[in-house]
Amino acid sequence: MTAATDPKPATSHRSTPETPAARSVTSTTTETASQKATRYVLAGLRLALGWVFLWAFLDKLFGLGHETPSANAWIDGGSPTKGFLGKAVSGPFEGFYHSFAGAAWADALFMIGLAGIGIALLAGVGMRIAAVAGSLMLVLMWTAVLPPENNPFMDDHLIYAGVLVVLALTAAGNTLGLGGYWSRLPIVRRLPWLK
């Protein structure tokens, strides 16, 4: 059958090729309205979650008065971990978290994590690293408040961790972000875990 008489068009319904061989095929790809909407919803979730992390960093750094009073700003000598880990932690890991509440290394790691994860999510780059680091941070925060206040085991920390994994698995940084450009960088092509 020739192309002129073939009733099926040579189009694919995938929005993004999945393999290097598929990328080399020169065919037209189409995206359904549902697929496009899904991409934008995931991008919106990525941006929202990125802002959650970045806002926590900025509030603790400058003491913007939302959760951190200006007197407790990190730049003014306050500790971003002392209040929560020293007073709000409860449950089976209480002693563990109290042991390093307010330690300089814990403050630095926490703040670097908040800033790095927030910036990566907002920019749409390094999504795999951001998902792993963010999920680890969120699960650790979940263990600090066991059992959760309103449920035997589930709370927003675990849900956010799951959302981070979904965002990384679906390349959510490619929509409304720099993920597409980032993934074409030579170093990211050599080291795909940087995607």
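Before any of the text, the structure's been laid out above.
Residues numbered from 1 in each chain as written. Predicted model: local features only at pLDDT ≥ 70, side-chain atom pairs only at ≥ 80, totals over all residues. Heavy atoms only, no water.

> Explain the pattern of salt bridges to me, please; I cannot follow it from the model alone.
Oppositely charged side chains can pair when the atoms bearing their charge come close. Enumeration according to the criterion identifies 1 salt bridge in this entry. Close ionic contact of Glu31 with Arg39 constitutes a salt bridge, the shortest N to O distance being 2.5 Å. By relative accessible area, which is 30% here, Glu31 ends up partly exposed. (Salt bridge = Lys/Arg side-chain N within 4 Å of Asp/Glu carboxyl O. Buried < 20%, exposed > 50% of the residue type's maximum accessible area, 1.4 Å probe, protein only.)

> What should I look at first to understand a positive patch on the surface in this one?
A cluster of like positive charges, contributed by Arg128, Arg184, Arg189 and Lys195, occupies part of the molecular surface. On the secondary structure map, Arg189 appears in helix H9 (residues 186-190). (Patch = residues over 30% accessible without salt bridge, like charges linked within 9 Å, V, L, I, M, F, W, Y side chains within 5 Å. Areas by Shrake-Rupley, 256 points an atom, 1.4 Å probe, with all protein chains shown as cover. Lys, Arg positive; Asp, Glu negative; His and termini not counted. Charge placed at Lys NZ, Arg CZ, Asp CG, Glu CD. Helix = DSSP H or I, 4+ residues; strand = E, 2+ residues; numbered from the N terminus.)

> Just to check I follow, could you spell out the packing of helix H6 (residues 127-143) against helix H7 (residues 156-169) for this structure?
At a minimum axis separation of 8 Å, H6 and H7 run at an interaxial angle of 170 degrees. Classified by the interaxial angle, the pair formed by H6 and H7 is roughly antiparallel. Along its contact with H6, which presents Met127, Arg128, Ala130, Ala131, Gly134, Ser135, Leu138, Val139, Met141 and Trp142, the element H7 presents His157, Leu158, Tyr160, Ala161, Leu164, Val165, Leu167 and Ala168. Across the contact of H6 with H7, the residue classes break down as 14 nonpolar, 3 polar and 1 charged. (Axes fitted to C-alpha atoms, helices over the stretch in contact; angles between N-to-C directions. Parallel < 35°, antiparallel > 145°, perpendicular 65-115°, else oblique. Contact = heavy atoms within 4.5 Å. Nonpolar A, V, L, I, M, F, W, Y, C, P; charged D, E, K, R; others polar.)

> Honestly, unusual backbone geometry in this entry has me stumped. Any pointers?
Residues other than glycine predominantly adopt negative phi, and peptide bonds predominantly adopt the trans conformation. Following Leu146, the chain continues to Pro147 via a peptide bond in cis, the omega torsion being -15 degrees. Residue placement: Pro147 occurs in the loop between H6 and H7. Positive phi, close to 55 degrees, is recorded for Ala171, a residue that is not glycine. Relative to the assigned elements, Ala171 resides in the loop between H7 and helix H8 (179-183). Not every positive phi belongs to a glycine, and Leu176 is a case in point at roughly 55 degrees. For Leu176, a relative accessible area of 53% translates into the label exposed.

> Would you take a moment to explain the packing of aromatic side chains for this structure?
The geometry of two aromatic rings is summed up by the distance between their centres and the angle between their planes. All told, the structure shown has 5 aromatic pairs when counted by the stated rule. When the ring of Trp51 is compared with that of Trp55, the centres are 5.8 Å apart and the planes differ by 40 degrees; the resulting orientation is tilted. With a gap of 4 residues between them, Trp51 and Trp55 both fall in helix H2 (residues 33-62), about one helical turn apart. Residues Phe96 and Tyr97 carry aromatic rings whose centres are separated by 5.1 Å and whose planes lie at 65 degrees to one another, so their mutual orientation is edge-to-face. According to the relative accessible area criterion, Tyr97 is buried, its value standing at 5%. (Phe/Tyr/Trp six-rings, centres within 6.5 Å; stacked < 30°, edge-to-face > 60°.)

> Could you clarify how one ought to interpret the layout of surface pockets in this entry?
Which parts of space are left empty comes out when a probe the size of a water molecule is rolled across the atoms. Put simply, the largest pocket is a space of about 1,200 Å³. Along its surface, the largest pocket is lined by 38 residues, and Lys60, Pro80, Phe84, Phe110 and Met141 are the ones closest to its centre. Contributions of two or more residues to the lining of the largest pocket are made by H2, helix H3 (82-88), helix H4 (94-98), helix H5 (104-123), H6 and H7. For the lining of the largest pocket, the element with the most residues is H5, which contributes 7 residues. For the lining of the largest pocket, a count of residues per class yields 25 nonpolar, 9 polar and 4 charged. (1 Å grid on protein atoms, 1.4 Å probe; cavity = no way out; pocket = protein on both sides within 12 Å on 5 of 7 lines; lining within 4 Å. Points joined across faces, edges and corners; volume = space filled by probe spheres on them.)

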